[in-house]
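# Coordinate analysis (summary)
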Amino acid sequence: MELEKYSFGVGDRFGHQGRAQLNALIKARQKGSDIVPVWNKSHREHTIIGTCPCDVRTEADAAVKELNWTGPYHVDADHINMSNVDEFIEHSDFFTLDVANYIGRGSSQDDQKRFRDAALKYVGMLNIPDIQEQFTITEEDIDRIGSKFLFAAKEAGCIYRHIEQAKGKDNFITEVSMDESDRPQSPVELFFILLMIAEEKIPAQTIAPKFTGRFNKGVDYVGDVAQFEKEFNQDIAVINFAVKEFALPENLKLSVHSGSDKFSIYGPINKALKRFDAGVHIKTAGTTWLEELIGLAQAGGNGLEIVKAIYSESLTHFDELCIPYATVIDIDKSKLPSSDEIEKWDGETFAAGLRHDQTCSSYNPDLRQLLHVGYKIAARMGDRYLDALQRYEETIAQNVTGNIYQQHILPVFG
Ligand SMILES: [Zn+2]
């Protein structure tokens, strides 16, 4: 199974926006951009919300059927590992093997030696086509990179083979992700990681490194955009080179786990894709959930009441919600409005505080980040929340579709 050149990962916490999401891709298609939707949901999200991998498959199939989408689409078992892959196997055809937690663990001397032997030919000056800079690779570099990433690559191999055994070769798409680690991987590290992946015979079609800068949940990129641009271009050049050097799948491409809304790097990504005629997979996580809240707020009445209740509860449960996401959020508690304050807000005021429009003076990134991790509260509301999604579907869907198309697809692929 081959992943198409452009693909877009849509996460949908509560599984109600499949059609609204697909409508954004239909819009893109009508404007001449063929982008394949990939519904992704991680084990963590399933656990918090109380859904199972089969629900995502049902949602995707239903949306595709109802809207007569004739193109390819996929269901991504997002950020899985050996401990939870089994529950996804039947329902997914895209697997994101998350091995970030295995970075830095030592592998056996035999394994190290085998990697070393394969990598030694790159010691000296390493010239990669389309990268101006020359890299000097020493034996120490090889050993350092080996001891840092080899164990993780081998773990990816284990998970891959486990899935392969169950589903059969070529019946699914494999992504290897290392993005949820504390340090970015340099283009040179990426090159050797790809060598390890090839040695493990993983037919990876996408690779998600951790890029330089902070990818906080639901807010814009924080970091040096010029540095990101340089590395992103180099990463694409590294992939093109590695595909030939290591005989990896021809369509191997970068996967950007955006954590949603990395608007300031979308321009550089767009430019790099054009420069190299490269493909990309963009994974957005919780944008849709926040658009649900915006839609509910705008709908007013009961919808607005629910959003206010979720916010108040999120304030009360601040630590519980934020601790699991500590590395990917930066909330200034002093800038969070109190429950009393938001009680006075009307729907538009709430929507303006939440909507990711950096030109709007009411936009509050702290409020946005808290609500981004606050989906657990909505999950606890159960039917009260789900019924509201149905009742205010139209307003919500407009926000979901418009956001994906205008804010994400156009800047990246337009
Ligand atoms: Zn990720």
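Residues numbered from 1 in each chain as written. Predicted model: local features only at pLDDT ≥ 70, side-chain atom pairs only at ≥ 80, totals over all residues.

### Some thoughts on the overall build of the protein
A count of helices and strands for the protein gives 18 helices and 10 strands. Expressed as lengths along the three principal axes of its C-alpha atoms, the size of the protein is roughly 65 × 45 × 40 Å. Burial analysis of the protein (414 residues in total) assigns 47% to the buried set. Considering only contacts within the protein whose residues lie at least 6 apart along the sequence, 79% involve residues at least 24 apart. (Helix = DSSP H or I, 4+ residues; strand = E, 2+ residues; numbered from the N terminus. Buried ≥ 20, exposed ≤ 12 C-beta atoms within 10 Å, placed from the backbone. Contact = placed C-beta atoms within 7 Å.)

### Description of unusual backbone geometry
Despite not being glycine, His79 shows a phi value in the positive range, around 55°. Among the structural elements, His79 can be located in strand β3 (residues 74-80). Located in the positive-phi region is Asp261, a residue other than glycine, with phi close to 65°. In this fold, Asp261 is placed in the loop between β9 (253-257) and α9 (263-276). When the 26 C-beta atoms within 10 Å are taken as the criterion, Asp261 is described as buried.

### Description of helix α10 (residues 287-299)
Helix length check: α10 (13 residues) gives 18 Å between terminal C-alpha atoms against 18 Å at 1.5 Å per residue, within 8%. Within α10, 13 of the 13 residues are buried, which leaves the element mostly enclosed by the surrounding structure. (Expected span 1.5 Å × (residues − 1).)

### A short note on helix α17 (residues 383-391)
Residues three or four positions apart in an α-helix share a direction because the helix packs 3.6 residues into each turn. Buried residues of α17: Tyr385, Ala388 and Leu389, and no others. In an axial view of α17, the angular spread of the buried residues amounts to 105°, which keeps them on one side of the axis. The outward face of α17, more than 90 degrees from its buried face, is lined by the exposed residues Asp383 and Gln390. Looking at the packing, one finds that the buried side of α17 touches α10, α11 (301-316), α16 (375-381) and α18 (393-413). (Arc of directions from axis to C-beta.)

### Quick notes on the domain arrangement of the protein
Assigned domains within the protein: domain 1 (14-100 + 152-285) and domain 2 (287-405). The straight-line distance from the C-alpha centre of domain 1 to that of domain 2 is 26 Å. Contacts between domain 1 and domain 2 engage 23 residues on the former and 24 residues on the latter. Per-element accounting of the side of domain 1 that touches domain 2 gives the leading share, six residues, to helix α1 (residues 18-30). Classifying every residue of the side of domain 1 that touches domain 2 by side-chain character gives eight nonpolar, 10 polar and five charged. (Domains from an automatic or database assignment. Nonpolar A, V, L, I, M, F, W, Y, C, P; charged D, E, K, R; others polar.)

### Examining the environment of Val38
Mapped onto the secondary structure, Val38 falls in strand β2 (residues 36-42). Considering only alpha carbons, one finds Val38 and Ala226, 188 residues apart in sequence, at a separation of 29 Å. What Val38 contacts, discounting residues up to four positions off in sequence, is Ser7, Phe8, Gly9, His74, Asp76 and Phe94.

### A closer look at the packing of α10 against α11
Viewed as axis vectors pointing N to C, α10 and α11 meet at an angle of 130°, and their least axial separation amounts to 6 Å. Classified by the angle between their axes, α10 and α11 sit oblique to one another. Remark: the crossing between α10 and α11 carries left-handed chirality. Contacts between α10 and α11 involve Leu293, Leu296, Ala297 and Ala299 from the former and Gly301, Gly303, Leu304, Ile306 and Val307 from the latter. In terms of residue class, the contact of α10 with α11 is built from seven nonpolar, two polar and no charged. (Axes fitted to C-alpha atoms, helices over the stretch in contact; angles between N-to-C directions. Parallel < 35°, antiparallel > 145°, perpendicular 65-115°, else oblique. Left-handed = near helix turned anticlockwise from the far one by under 90°.)

### Quick word on the sheet that holds strand β4 (residues 94-98)
On the basis of which strands lie adjacent, the closed barrel formed by eight strands has the order β1-β2-β3-β4-β7-β8-β9-β10 and parallel pairing. Recorded for the sheet is a direction-independent mean angle of 25° between the axes of neighbouring strands. Bridge count between β4 and strand β7 (residues 173-177): five bridges; the pairing is parallel. In the strand pairing of β7, Leu97 is matched with Val176. (Pairing = 2+ DSSP bridges.)

### Comments concerning the pairing of β3
Of all seven residues in β3, seven are buried, a share of seventy percent or more. Direction of pairing for β2 relative to β3: parallel, over a ladder of five bridges. Its bridge partner being in β3, Trp39 is matched across the sheet by Val75.

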